[in-house]
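So you can see what is in the structure, the chains are spelled out below.
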Amino acid sequence: MSAVNAPALDLPPVQPTETMLQATNLNVYYGESHILRQVDLSVPVGQMVCLIGRNGVGKTTLLKTVLGLLRPRTGAIELAGQPITHLSPDRRARLGIGYVPQGREIIPRLSVKENLLLGLEARPSGRKGNETISDEIFELFPVLKTMLSRRGGDLSGGQQQQLAIARALMGQPRLLVLDEPTEGIQPSIILEIEAAVRRIIEVSKISVLLVEQHLHFVRQADFYYAMQKGGIVSSGSTRELSQSVIQQFLAV
Ligand SMILES: Nc1ncnc2c1ncn2[C@@H]1O[C@H](COP(=O)(O)OP(=O)(O)OP(=O)(O)O)[C@@H](O)[C@H]1O
Ligand SMILES: [Mg+2]
């Protein structure tokens, strides 16, 4: 067939983008309580952004808004240049947002393997039933390989956190959203989780939006946003994270 007669390929144009996530002017309410106030936040492709702030300032609310679990009263959210503000959480997951919720939310009575396979639901093609767990997952979290048939509820807190991150990766996200992954976890495991997240970024070039209180982990991020009373009050490179920002926004 000559090139002239070849049918035009019906593919969407490749849109070069340097921003994975862009949230603009978000205002979010619980009932009449105004929680998020004029929030702007952006996550560059292949970078880690950390959201910091004291208890109850709205960090989880912001993540849930990005995921689509909460609807903003005003504002817009784009993923890789595509508007997603009006899409369901399910559609957003299939477009590439992976979520590791605060408290992990492992299904206790399912096995580790079954918990991992649940993550397949977020793939663009959904779950087909014949997928396997890639070696990459076990290279990141070797402990999971030895525990595939254990019940999720029988794992330690640190192991459950690793399982929750691995489950999110099973969906092959472009943006991984993590809500306080080191909360209540012992220091040696915190370092393992940090190293795994950095390695995920290096190997797969995905972007990460992280809520974190642990200073060592915050410093692994490229950029930070500090939140107070539902608004972003400071942001910048984590290399320039000052003592005053650390004291004001992190519970150290
Ligand atoms: N379902 C809800 N209904 C009403 N108010 C809520 C609800 N969830 C959270 N809030 C309120 O919204 C505010 C922000 O909560 P959010 O969970 O986003 O804070 P956070 O920064 O994640 O806190 P933490 O560090 O404790 O996780 C708080 O004042 C909280 O009491
Ligand atoms: Mg929270």
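Everything here concerns the structure above.
Computed from a predicted structure; not experimentally measured.

Rules and cut-offs
Residues numbered from 1 in each chain as written. Chains lettered and ligands numbered in written order. Predicted model: local features only at pLDDT ≥ 70, side-chain atom pairs only at ≥ 80, totals over all residues. Heavy atoms only, no water. Axes fitted to C-alpha atoms, helices over the stretch in contact; angles between N-to-C directions. Helix = DSSP H or I, 4+ residues; strand = E, 2+ residues; numbered from the N terminus. Parallel < 35°, antiparallel > 145°, perpendicular 65-115°, else oblique. Left-handed = near helix turned anticlockwise from the far one by under 90°. Contact = heavy atoms within 4.5 Å. Nonpolar A, V, L, I, M, F, W, Y, C, P; charged D, E, K, R; others polar. Buried < 20%, exposed > 50% of the residue type's maximum accessible area, 1.4 Å probe, protein only. Donors = N, O, S within 2.8 Å, 3.2 Å for Na, K, Ca; no water. Near = heavy atom within 4 Å. Polar contact = N/O pair within 3.5 Å; in protein donor to acceptor, adjacent residues only side chain to side chain. Areas by Shrake-Rupley, 256 points an atom, 1.4 Å probe, with all protein chains shown as cover. Salt bridge = Lys/Arg side-chain N within 4 Å of Asp/Glu carboxyl O.

Here the focus is the packing of helix α6 (residues 157–170) against helix α7 (residues 187–204). For the pair α6 and α7, the least separation of the axes is 10 Å and the interaxial angle reads 10°. Here α7 runs roughly parallel to α6, going by the angle between their axes. Seen from above, α6 lies across α7 with right-handed handedness. Counting all contacts with α6, which are made through G158, Q161, Q162, I165 and L169, the residues of α7 involved are I189, E192, I193 and I200. Its residues assigned to classes, the contact of α6 with α7 comprises five nonpolar, three polar and one charged.

Another aspect to go through is unusual backbone geometry. Of note, N25 is a non-glycine position whose phi angle comes to about 50°, a positive value. With respect to the helices, strands and loops of the structure, N25 is situated in strand β1 (residues 19–30). When its relative accessible area of 34% is taken as the criterion, N25 is described as partly exposed.

Listed as protein donors to the magnesium ion (ligand 2) are T60 (OG1) and Q102 (OE1); their distances from the metal cover 2.0 to 2.3 Å. Of this pair, T60 sits in helix α1 (residues 59–67) while Q102 sits in the loop between β6 (97–100) and α3 (112–118), placing them 42 residues apart in sequence.

What follows covers the site of ligand 1. In the neighbourhood of ligand 1, the contacting residues comprise Y30, I35, R54, N55, G56, V57, G58, K59, T60, T61, Q102 and E180. In the model, a nitrogen atom of ligand 1 is placed 3.5 Å from a nitrogen or oxygen of the Y30 side chain. Within the side chain of N55, one N or O atom sits 3.1 Å away from an oxygen atom of ligand 1. Within the complex, 58% of the 640 Å² of free accessible area of ligand 1 lies under protein. The biggest single contributor to the shell around ligand 1 is α1, with three residues. For the shell around ligand 1, the per-class residue count stands at three nonpolar, six polar and three charged.

With that settled, consider the pattern of salt bridges. Counted according to the given criterion, the structure contains three salt bridges. Between R73 and E32 there is a salt bridge whose closest N-O contact spans 3.8 Å. In this pair, R73 sits in the loop between α1 and β4 (74–79) while E32 sits in the loop between β1 and β2 (33–44), placing the two residues 41 residues apart along the sequence. Note on E32: relative accessible area 68%, which makes it exposed. Note that D154 and R151 form a salt bridge whose closest N and O atoms lie 3.8 Å from each other. Among the residues examined, R151 registers a relative accessible area of 43% and is labelled partly exposed.

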